[in-house]
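One-letter residues, chain by chain:
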Amino acid sequence: MSSYVTPDRSAAPYVDPTPEATQPHVPEVGATSAPLKSAAFFIGAYCKEYNDDFMLCKAENRNPEHCLKEGRRVTRCAIDLIEKLRENCATEFQRHWECLDFRNQEYYRCRKEERLLNGCAFDKLGLTKKIPGTSPGKTPIHEVPNPIYRNVQK
Amino acid sequence: MPPPGGYETLKYKRNLPFRGPGGAVMVAGVAAVCAFGFWRLGLGNIEKRELKRENIWSRIYLTPMLLAEGDRDAYRRQQAALAREKEIMKDVKGWEAGRSVYHGDRHKPDQRIVLL
């Protein structure tokens, strides 16, 4: 019997005993939740093909072994996009995700920063934020000029 | 006897100064305020629904990336567990390492992970 000790409590430094799988190495995205949430719609727009391909593959078979190749493409694409965002819209991106981090990760409380980021992403990368399923003829929620739900804190 | 010039006239007129709008106006006013409030509430509910949807779509767009990352880790652990099982059971005759306890090829995620 071995009992589990959390890595931060153990005396010796934690070493993951399971080896790297016999698969080509792919760097992980390594972003925390706020930058990911900030970039989510751009990832959806930029990596649509890879994402759809991966999800169709997953629908075929849920075994993690089945879709490793597609999964690597998805990860590479996400890394690529985040790097592009950081190259072209560094300040806007950072301000938006820091705002999200600070505001409970709610989009409606960071519209000002979001508009700057969206504008930059459209100008430099040609990416638009689009929420699928918005009823035609209605302003999508992130472009409503005078919303009822807004950030009330300073 | 009356005083010269007669008595003063009696002040008997009612003195009721204007004390605010009448009942009907009050009722109408309250109704108007309520109507405005409910209208705003309705707009807010629609907006809330849209915000929820926006949030859900951000999750949907992130799902493939997170799933791919998790899959790689799950696969790595699976392979390691398989290697361990092979090592432990190498002397047992007829043991097939990593064989599913179920028939059928639908994937079932591991119920337990060994944390060493």
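Note that the coordinates shown come from a computational prediction; the quantities given were computed from them, not determined experimentally. (Residues numbered from 1 in each chain as written. Chains lettered and ligands numbered in written order. Predicted model: local features only at pLDDT ≥ 70, side-chain atom pairs only at ≥ 80, totals over all residues. Heavy atoms only, no water.)

Okay, the overall build of chain B next. In terms of helices and strands, chain B carries 1 helix and 0 strands. Expected size for 116 residues packed as a compact globule is a radius of gyration near 13 Å; at 42 Å, chain B overshoots this value by more than 25%. Projected onto the principal axes, the alpha-carbon positions of chain B cover approximately 140 × 30 × 25 Å. Here chain B, with 116 residues, has 16% of them falling under the buried criterion. Carbon and sulfur atoms make up 62% of the accessible area of chain B, which amounts to about 10,100 Å² in all. Chain B carries 21 positive and 13 negative side-chain charges, and their two centres are separated by 12 Å. (Helix = DSSP H or I, 4+ residues; strand = E, 2+ residues; numbered from the N terminus. Rg over C-alpha atoms; globule rule 2.2 N^0.38 Å. Buried < 20%, exposed > 50% of the residue type's maximum accessible area, 1.4 Å probe, protein only. Areas by Shrake-Rupley, 256 points an atom, 1.4 Å probe, with all protein chains shown as cover. Lys, Arg positive; Asp, Glu negative; His and termini not counted. Charge placed at Lys NZ, Arg CZ, Asp CG, Glu CD.)

It is worth spelling out the UniProt feature "transmembrane region" (unreviewed entry) in chain B at this point. When the UniProt feature table is mapped onto this chain, "transmembrane region" (unreviewed entry) is found at residues 20-43 of chain B. Summarising residues 20-43 of chain B: 88% helix, 0% strand, and an end-to-end C-alpha distance of 33 Å. (UniProt positions renumbered as here; feature names shortened; annotations may be inferred.)

Let us look at the interface of chain B and chain A. Where the parts come together, the accessible area they lose is often given as the size of the interface. Listed by partner, the interface residues are 33 residues for chain B and 50 residues for chain A. Counting the surface lost from both chain B and chain A, the interface buries some 3,900 Å², and carbon and sulfur atoms represent 65% of this. Here chain B and chain A share 4 salt bridges between them. Note that Glu54 of chain B is salt-bridged to Lys129 of chain A, the shortest N-O span being 2.5 Å. Tallied by class, the residues present in the side of chain B that touches chain A amount to 16 nonpolar, 6 polar and 11 charged. (Contact = heavy atoms within 4.5 Å. Buried area = accessible area lost by both parts, 1.4 Å probe. Salt bridge = Lys/Arg side-chain N within 4 Å of Asp/Glu carboxyl O. Nonpolar A, V, L, I, M, F, W, Y, C, P; charged D, E, K, R; others polar.)

Residue and element names in this part refer to chain A. The backbone of Asn104 shows a phi angle near 60°, a positive value even though the residue is not glycine. You can see Asn104 is positioned in the loop between helix H4 (90-102) and helix H5 (111-125). On the basis of relative accessible area, Asn104 is assigned to the exposed category, the value being 60%. Despite not being glycine, Gln105 shows a phi value in the positive range, around 55°. Mapped onto the fold, Gln105 is located in the loop between H4 and H5. Taking the relative accessible area as the measure of exposure, Gln105 reaches 22% and is therefore partly exposed.

Moving on: the state of the cysteines. Residue and element names in this part refer to chain A. Under the defined criterion, the tally for this structure stands at 4 disulfides over all chains. A sulfur-sulfur separation of 2.1 Å characterises the disulfide bridge that pairs Cys57 with Cys67. On the S-S bond that ties Cys57 to Cys67, the torsion sits near -100°, and the link is left-handed. With Cys57 in helix H2 (residues 48-60) and Cys67 in the loop between H2 and helix H3 (68-88), the pair connects residues that are 10 residues apart, well separated along the chain. By relative accessible area, Cys57 is classed as buried at 7%. The disulfide partner of Cys89 is Cys120, and the S-S distance across this bridge is 2.1 Å. Sign of the S-S torsion, about -95° for the bond between Cys89 and Cys120, identifies this disulfide as left-handed. Of this pair, Cys89 sits in the loop between H3 and H4 while Cys120 sits in helix H5; the two residues are 31 residues apart in sequence, bridging distant segments of the chain. Residue Cys89 is classed as buried on the basis of its relative accessible area, which comes to 0%. Cys120 gets classed as buried once you look at its relative accessible area, which sits at 6%. (Disulfide = S-S within 2.5 Å.)

A separate point is the pattern of salt bridges. As enumerated under the stated definition, the model contains 13 salt bridges over all chains in all. Notably, a salt bridge pairs Glu28 of chain A with Arg72 of chain B, separated by 2.9 Å at the nearest N-O pair. In this pair, Glu28 of chain A is assigned in the segment before helix H1 (33-46) and Arg72 of chain B in helix H1 (residues 23-88), connecting two distinct chains. Arg72 of chain B gets classed as buried once you look at its relative accessible area, which sits at 13%. Glu50 of chain B is paired through a salt bridge with Arg53 of chain B; the nearest N and O atoms lie 3.3 Å apart. In this pair, Glu50 of chain B and Arg53 of chain B are both assigned in helix H1, 3 residues apart and thus about one turn of the helix distant.

Right, let's get into the packing of aromatic side chains. Taken as a whole and judged by the stated rule, the model has 5 aromatic pairs over all chains. Seen from their ring centres, Tyr108 of chain A and Tyr149 of chain A are 6.2 Å apart, and the 75° between their planes marks the pair as edge-to-face. Here Tyr108 of chain A, found in the loop between H4 and H5, pairs with Tyr149 of chain A, found in the segment after H5; they are 41 residues apart in sequence, far enough to count as distant. Note on Tyr149 of chain A: relative accessible area 26%, which makes it partly exposed. An aromatic cluster is built from Phe41 and Tyr107 of chain A together with Trp57 and Tyr61 of chain B, whose rings are joined through pairwise contacts. In this structure, Lys129 of chain A is placed above the aromatic ring of Tyr107 of chain A, and the distance from its NZ or CZ to the ring centre is 4.3 Å. (Phe/Tyr/Trp six-rings, centres within 6.5 Å; stacked < 30°, edge-to-face > 60°. Lys NZ or Arg CZ within 6 Å of the ring centre and 35° of its normal.)

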